[in-house]
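Structural characterization, general
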Amino acid sequence: MRAILIAAALLTGVAPAALAQSASPAPAQAAASPAAPASAFERDRQSILAQAGQYRVHFDMRENVSFRADYDPLEEKLSGGSEIVRLIHDQGDRISLQHILVMEHDGQSIVVKHWRQDWAYQPEAVLTYAGPNQWTLTPVPGDQRQGAWSQTVWQTDDSPRYGGVGRWTYDNGLAAWTSDATWRPLARRDAVRNPVYDRYLGTNRHILKPDGWVHIQDNMKMSGRDGGEPIAIVQEDVINTYDRSSAYSPKPGDDYWAATKAYWAAIRDQWDAVIARDGGVRLAEVGETGAVTGAPLMDLAQQLADGEIAEGDAIARGRAVILEATAAR
């Protein structure tokens, strides 16, 4: 599967060659450092929108401190890739950004729909990870909602990953959003190793910089396999740096998105319907693809992009995949 191959390349530190610059202009992007507008709400919005663009991304992951005598922290992992971030919708207090990897391998362009981040202003609830195979709509108390934004992160197939609530601040010359501590499922880099830990408790920061932005994670890797309160195993820092770049063409990614965006809109709607129906999602996790729905939903999108299936058929089959995977057992 194409997504697995690219994920493996990123995790082993192989940075694929940049594509040649296309003559076609890239879509207009938001300013990297938004000036203070008339309201705090609008200033926050512009900070979120500033994350859209065309980037070279550098991934730096390192386990730092072990809290178990028999566990040695992993060595640092460094990798990189080319990624575009496109605006799906801006409804004022609701903003959605789609990440798409645009890579080159053996002279061929390879595009992989990556993660998605949804932002909501003063949310009444946020979809949170509740432990293996389970996500729950969690109410946000009124005093915590005031002036806050939730960020919900979704996997490549638009199944859920994690959600948290935080506030944008502008102290010391930095536009930064910091989340509360959020539970998260294992990332592929860990899930495929069958480690002693089975979840993260992490804090997110998104910080704008003059030539892009940076995503900083402080993850406590935890084990809840013995039941009861999860136990801390090791602390990890993840620093993902998004540097604006025009050294490759975004056209393959934009072409893929143009061909599949209606399909993915229908898939998002189906996930939303399941979440509303069940007050969350029960979905089997899979190390390679995040969830049991990962491979079939991504494959349907690729078939659609390649002209091998009609859009209506892809949507119908994709909806069926989600309903089957989330049916009560």
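Residues numbered from 1 in each chain as written. Predicted model: local features only at pLDDT ≥ 70, side-chain atom pairs only at ≥ 80, totals over all residues. Heavy atoms only, no water.

With that out of the way, let us pick up the layout of surface pockets. Quantified by volume, the second largest pocket comes out at close to 550 Å³. As for the second largest pocket, its lining consists of 24 residues, of which Arg94, Asp118, Thr152, Trp154 and Asp272 are closest to the centre. For the lining of the second largest pocket, the element with the most residues is helix H5 (residues 251-278), which contributes six residues. The residue makeup of the lining of the second largest pocket, split by class, is twelve nonpolar, five polar and seven charged. (1 Å grid on protein atoms, 1.4 Å probe; cavity = no way out; pocket = protein on both sides within 12 Å on 5 of 7 lines; lining within 4 Å. Points joined across faces, edges and corners; volume = space filled by probe spheres on them. Helix = DSSP H or I, 4+ residues; strand = E, 2+ residues; numbered from the N terminus. Nonpolar A, V, L, I, M, F, W, Y, C, P; charged D, E, K, R; others polar.)

Mapped onto the elements, Arg56 comes out in strand S1 (residues 53-66). A relative accessible area of 19% places Arg56 in the buried class. When the C-alpha positions of Arg56 and Glu83 are compared, they lie 6.2 Å apart, and in sequence the two are 27 residues distant. Reaching out from Arg56, the side chain makes a polar contact with the backbone oxygen of Gly81 at a distance of 3.5 Å. (Buried < 20%, exposed > 50% of the residue type's maximum accessible area, 1.4 Å probe, protein only. Polar contact = N/O pair within 3.5 Å; in protein donor to acceptor, adjacent residues only side chain to side chain.)

Before going further, it helps to examine the packing of helix H6 (residues 294-305) against helix H7 (residues 311-325). Where H6 meets H7, the closest approach of the two axes is 10 Å, and the angle between their N-to-C directions is 180°. In this view, H6 runs roughly antiparallel relative to H7, as classed from their interaxial angle. Between H6, through Pro296, Leu297, Leu300, Gln303 and Leu304, and H7, the contact on the second element is made entirely by Glu311, Ala314, Arg317, Gly318, Val321 and Ile322. Class assignment of the residues belonging to the contact of H6 with H7 gives a composition of seven nonpolar, two polar and two charged. (Axes fitted to C-alpha atoms, helices over the stretch in contact; angles between N-to-C directions. Parallel < 35°, antiparallel > 145°, perpendicular 65-115°, else oblique. Contact = heavy atoms within 4.5 Å.)

Turning next to H7. Its 15 residues place the ends of H7 21 Å apart at the C-alpha level, agreeing with the 21 Å of an ideal helix rising 1.5 Å per residue. The complete set of buried residues in H7 reads Ala314, Ile315, Gly318, Ile322 and Ala325. Seen end-on, H7 carries its buried residues on one side only, within an arc spanning 105°. Looking at the buried side of H7, the elements it contacts are H5, strand S14 (280-282) and H6. (Expected span 1.5 Å × (residues − 1). Arc of directions from axis to C-beta.)

Take the pattern of salt bridges next. Tallied over the entire structure, the rule returns 21 salt bridges. In this structure, Arg116 engages Asp158 in a salt bridge whose closest nitrogen and oxygen atoms are separated by 2.7 Å. You can see Arg116 sitting in strand S4 (residues 108-121) and its partner Asp158 sitting in the loop between strand S7 (149-154) and strand S8 (160-169), a full 42 residues away along the chain. Each member of the pair Arg116 and Asp158 is classed as buried. (Salt bridge = Lys/Arg side-chain N within 4 Å of Asp/Glu carboxyl O.)

Sheet topology places strand S5 (residues 125-129) next to strand S6 (residues 134-139); five bridges connect them, and they run antiparallel. Bridge pairing in S6 places Tyr129 opposite Trp135. Count of turn residues in the S5/S6 antiparallel hairpin: four residues, of which Gly131 carries a positive phi of about 120°. (Pairing = 2+ DSSP bridges.)

Turning our eyes to something else, we now look at the sheet that holds S5. Pairing is antiparallel across the open sheet formed by three strands, whose spatial order is S5-S6-S14. Two strands lie at the open edges of the sheet, namely S5 and S14, each paired on one side alone. Ignoring strand direction, the axes of neighbouring strands in this sheet form an average angle of 20°.

Applying the stated rule across the entire model yields eleven aromatic pairs. Note on Tyr55 and Trp213: the rings are 6.4 Å apart at their centroids and 90° apart in plane angle, and the pair reads as edge-to-face. One end of the pair, Tyr55, is in strand S1; the other, Trp213, is in strand S12 (residues 212-223), and 158 residues separate them in sequence. Residue Trp213 is classed as buried on the basis of its relative accessible area, which comes to 0%. (Phe/Tyr/Trp six-rings, centres within 6.5 Å; stacked < 30°, edge-to-face > 60°.)

Turning to H6, a few remarks are in order. For H6, which comprises twelve residues, the first-to-last C-alpha distance of 17 Å matches the rise-based estimate of 16 Å (1.5 Å per residue) to within 8%. The complete set of buried residues in H6 reads Gly294, Leu297, Met298, Leu300, Ala301, Gln302 and Leu304. Downstream of H6 by a residue or two, Gly307 has a phi angle that is positive, lying close to 75°.

With 88% of its residues at a pLDDT of at least 70, the protein reaches an overall mean of 90. Contacts for the low-pLDDT stretch residues 3-33, under 50 throughout, to residues beyond four places or in other chains number 72 contacts. (pLDDT = per-residue confidence, 0-100.)

Moving on: empty space enclosed by the protein. Per the counting criterion, the structure on display carries one cavity of 30 Å³ or more. Taken as a whole, the largest cavity holds about 80 Å³ of empty space. It is S1 that contributes the most residues to the lining of the largest cavity, three residues altogether. A per-class count over the lining of the largest cavity returns two nonpolar, no polar and nine charged.

Of all 14 residues in S4, eleven are buried, a share of seventy percent or more. Where strand S3 (residues 94-105) meets S4, eleven bridges bridge the pair, whose relative direction is antiparallel. Bridging across to S4, Met103 finds its partner in Ile110. Connecting the antiparallel pair S3 and S4 is a turn made up of two residues, with Asp106 showing a positive phi of about 55°. Across six bridges, the pairing between S4 and S7 is antiparallel. Counted as the bridge partner of Tyr121 is Trp149 from S7.

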